[in-house]
Amino acid sequence: MTLHWRDLTSARRTRLPAVRGAVARPRLLAALDARVLLVTAPAGYGKTTALAEAAAARSGPAAWLTLDADDADPLVLAASLSLAVQGLPGGARPGEALGAGASPRRVAGLVADVLDGCGALLVLDEAQVLSGTPGAALLGGLLGPSGGRLALLSRTALDLPELARLEVSGEAARLSAAELAFTPPEIAALFAAQGLNASGAEVRAAHAVTEGWPIAARFLAQAAAQGRVTLADLADLEGSGAPLGTLFTYLAQEVLGPLDPSLRGLLTRSSVFEELIPALLEDALNEPYARELLDALAGSGTFLTRSGEDTYRAHPLLRAHLRSLLPPAEARGIAARGAAFFERTGRLRRALAAHLLAGNTARAAALLSARGGVWLAQGRVTLVDRSLARLPRADWTPALHALAGDALRLASRYDEARAEYALAGALERALGEVRLALDTVQPALAWGPLDEAAALVDGGCGQDELRRLRAENLLNAGQLAQAVALEPGLRGTARYALRSGDLDAALARAHSLADGETGGARAAQNHREGLLLASFLHAARGEVAPAQACARRGLSEGERLESPFVQSLALARLGHAQQAAGDFAAARESYDAALRQAQPVTGRLRVEPLMGLAALAGRAGDGARAHALTAEARGQTGGDSYMAGLLELTSALGLAQGPQSAQAVRGLQEAATLFEACGDAFGQAAASLALFALDAGPADQAAQAVAAYPFLLGAPSLFAPASTRAARAALLARLGGAQPGAHGALAGAARLLGYAAVPDPADTPGFEAHVQVLGRVAVTRGDGRAREWGRARARDLLALLAVHPAGLPREAAQEALFPGADPGVGERNFRVTLHALGQVLEEGARSGVFLERGDWLRLRPGPDLHVDLAAAWTLLAQAAGTPGRLDGLLLLPPALADVDLDDVVREAGRYAAALPEALTAEAEVALAVARPDQAVRAAERALTLDPAHEPAARALMRAHYALGRGAAAGRVYAALTAALAELDLRPLPDTQALWQALAGTRS
């Protein structure tokens, strides 16, 4: 009896795996943008789960096939593929062909056509079973130019020539174990799914111990949810005794089971050490063949990997499991021999860990005393903190208490640090208190300990260090002249430049500091973090995008460093950037989050978020709350006069921009006095300008402020006296009127605002008007309020003026709106219409600021009037390929508003022709630079606007073909042919020739 082709395979293998409790991983779904995806990782990395979730979530159809050893036979594989796609549109064809005797290769080609025809994704799981078999040849048919979307999941690398070609062309992408590993946020989501509310530190510890290995992370989450392990125990696997060895039996079964006993023995005994080198094992384990055995282990898939030229390491969980199998006495003996080896070879950090594991507490204490300060200077706070925690308190000396205070201080645990300093020697206690005050910027708390230390310190280096600390405290107190007199080198620091008002130098130095901050082992610098200082300076200069970017990068770095101080300050700086950008709701959320982070750290850290909230309260008209928040923050400044001035200035600026602006004068005057005492030129300038804006300060000082800091009016500075561009322009015009001789000095601010020179007050209405004629006719103010139309003809007149940017005669406009009307009636109606349009555009401003009247009518161009049609023509006039042009074109509305005036109709036709032409030109440029994906976006939009646009269709066909979508190119040609047929036309010879060439190649 002849077998039916269905009898060669199993429908069970074509079912999409059920996904329960999977963590959403959108970053992996992005990889499906590639036509072919190869996912290669060992067992336990969640390949099947991730792709099953992706297949279920994608908008288009999907098919699944789990391969097995029988698929090495091409006929069986052809049957399996046919069964997998039979439920797709047109999916019966491969099975019918196979039943009719078609070859397996022909069936694979038909499967590819089915996938391409309906845009389906086919996932082939366990693809490693095809390696080196005849079945692998069939994959070539699925990987051809029109093979549709394919995902190959494999435990081992697949050697397929077609894959290399597809990667070169950008059609294929790869995911490895590194990409499949869970990120900390994904581990947090995994814990949350188990009902665990893990802290950031616990999530980072879980990520470190599992290294993102998905199955290990899942086991850990389940064990923690069941109470079998405490997440806090994960912080120190070396010393906590966390019962992880009994949890991960998967490791023993999948990893250790197949090992040769000699290799298993070496791996078990060497689990005492975090890093393995042949010389260490030869010495501590008396293993003469250590190098050969380590090489064998590294190549056997046991998660023993190279971490250097001569260094290996095991997965932390594998080490924990193996150490649980090692008798404690044997582990201590091995650790003691290892410690001796590490000391002989100068590896003191490794020696410390080995001594602690061996129970040699006296030697460990001596090493910590001698080297702990050096390690802290290198940023190894966690190393020192964990080592001290594993050392019995009975072995602690006063020097170790001082070291513990330093480590806790660098971790922003200030109260605990103060308690440790109290147990240190007298000098170390005083110096610790000084450093606590410096780190938290509370200069008033440092003077007493500084005097105590001065009475205890010997000469030489100790005096130099004490002088440096005193000078920094003077800088923190706002006494700049005294600070640099004591320590001239402070003049070159970013904080001195900031506090003296040299914002350009401060920003350059802040970015220089930030360049070396991110990544690597280091201690948090708290308020000295370069990224966060750069964020503040960008916000002060009105550069809101980089201000937010620096704050967010600083927040990420604070999370990496596990520093609540840095995280709180980063959130406050993000709030400043958002407030400068006018996003007041987001700013309030950031300030509130900063306060929550600051609460357990130090009161001084609350000053900036309270300052921001005070400004927001003033803007909202809640003067009482603004004053209360300012008073609360002022009480936390700790003797820092500069910060007190900044607080008064920011809070008063909020009041100045709210309905209770008169209340701001006293705060601005107080700020100016404080800044003058500190020597901060920028603070004085901002206060002087704001006082002038409130008619409470002289114009000459305000003009000097704008000349020195043009961004105070030219950009949305956090310290600007007005939040909108138009309001700042009006203030500049008023200042120019009050100081006519200062126009040259004020020109920088004018240029930033979009004016060639200082504008006249009559030409700056204090608001912006936005004219829209694309899609619909509308006028909105800068606050987004749409204006109401008094007369419908006023709307038509606005559209007419918009399509005549140079203007037109009054008579022509009147005739266009009221054709054939009696002259007197037409004149009267037109006069009423013109007046109505003026009311819509210029209410609250001088007549003529936006609308020129008289014998010639025109919309007056300028920074305060925006016409969307003019902006569109500017974009359309740019050369194809100009950066940003394609994105701008894709956002343009498809047509002008429907206005029944001949000139508007003609302009609408011109626009309707120009937009598809511009998009097609962008598609051609994208094809020329090998960006077919961009070409598809441009050409598809052009064809949406004009389905019969042949150049766009040709570009889209070529783009689809370049992406390996032959069937899609055919659909484009068919749609074009249908669109042309409705016009009684046929495709041009060029278009027909292109399709014939593509179709011939495809076949």
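All of the points below concern the structure found in this document. Small disclaimer: the values here were computed from a predicted structure and weren't measured.

1. Some words on the overall build of the chain
Per the secondary structure count, the chain includes 51 helices and 13 strands. The principal-axis extents of the C-alpha atoms in the chain amount to approximately 115 × 105 × 40 Å. Counting all 1003 residues of the chain, 51% fall into the buried class. Of the contacts made within the chain by residues no fewer than 6 positions apart, 65% connect residues no fewer than 24 positions apart. Taken as a whole, the chain presents about 41700 Å² of accessible surface, with 53% of it coming from carbon and sulfur.

2. Focus on the packing of aromatic side chains
Evaluated as defined, the whole model comprises 12 aromatic pairs. Judged by centre distance (6.0 Å) and plane angle (65°), the ring pair of Y642 and F675 falls under edge-to-face. Note that Y642 is positioned in helix α35 (residues 641-656) and F675 in helix α36 (residues 664-678), a separation of 33 residues in sequence. For Y642, a relative accessible area of 5% translates into the label buried. Both rings, one in F682 and one in F711, keep their centres 6.0 Å apart while their planes meet at 35°; by these two values the pair is tilted. Here F682, found in helix α37 (residues 681-693), pairs with F711, found in helix α39 (residues 711-714); they are 29 residues apart in sequence, far enough to count as distant. In this structure F682 comes out as buried when scored by relative accessible area, which is 6%. Three or more aromatic residues link up through ring pairs in this structure, and these residues are F536, F682, Y709, F711 and F719. One Lys or Arg, R781, reaches over the ring of F767 and ends 3.8 Å from the middle of that ring.

3. What to know about the sheet that holds strand β13 (residues 865-867)
In space, the three strands of this open sheet follow the order β9-β8-β13, with mixed pairing throughout. Each of the sheet's edge strands pairs with one partner strand only, and the pair in question is β9 (778-781) and β13. Between one strand and the next, the sheet's axes are offset by a mean angle of 20°, whatever the strand orientation. Against the sheet, helix α44 (residues 823-842) touches β8 (769-772) and β9, its axis set at about 35° to β9.

4. Here we look at α37
Its 13 residues give α37 an end-to-end C-alpha distance of 19 Å, which sits within 8% of 18 Å, the value for a rise of 1.5 Å per residue. Turning to α37, its buried residues are F682, G683, A685, A686, A687, S688, L689, A690, L691 and F692. Where α37 begins, one side-chain oxygen reaches toward the backbone nitrogen of F682, 3.3 Å away; that side chain belongs to D680.

5. Quick look at the pairing of strand β7 (residues 311-314)
When a strand is regular, its side chains alternate between the sheet's two faces. Two elements, strand β6 (residues 304-308) and β7, share four bridges in a ladder whose sense is antiparallel. Among the inter-strand pairings, L304 is bridged to a residue of β7, identified as A314. A loop of two residues connects β6 with β7, the two strands running antiparallel in sequence.

6. A few points about the sheet that holds strand β5 (residues 172-175)
Across the sheet, which stays open at both edges, the five strands sit in the order β2-β3-β4-β1-β5 with parallel pairing between neighbours. Looking at which strands have only one partner, the edges of the open sheet turn out to be β2 (62-66) and β5. Each adjacent strand pair in this sheet contributes to an overall mean axis angle of 15°, direction not counted. Two elements, β2 and strand β3 (residues 121-125), share five bridges in a ladder whose sense is parallel. Counterpart to T66 in the pairing with β3 is D125. Along the sheet face, helix α3 (residues 74-85) touches β2 and β3 and points at about 145° away from the line of β2.

Reading guide: rules and limits
- Residues numbered from 1 in each chain as written.
- Predicted model: local features only at pLDDT ≥ 70, side-chain atom pairs only at ≥ 80, totals over all residues.
- Heavy atoms only, no water.
- Helix = DSSP H or I, 4+ residues; strand = E, 2+ residues; numbered from the N terminus.
- Buried < 20%, exposed > 50% of the residue type's maximum accessible area, 1.4 Å probe, protein only.
- Contact = heavy atoms within 4.5 Å.
- Areas by Shrake-Rupley, 256 points an atom, 1.4 Å probe, with all protein chains shown as cover.
- Phe/Tyr/Trp six-rings, centres within 6.5 Å; stacked < 30°, edge-to-face > 60°.
- Lys NZ or Arg CZ within 6 Å of the ring centre and 35° of its normal.
- Pairing = 2+ DSSP bridges.
- Axes fitted to C-alpha atoms, helices over the stretch in contact; angles between N-to-C directions.
- Expected span 1.5 Å × (residues − 1).
- Polar contact = N/O pair within 3.5 Å; in protein donor to acceptor, adjacent residues only side chain to side chain.

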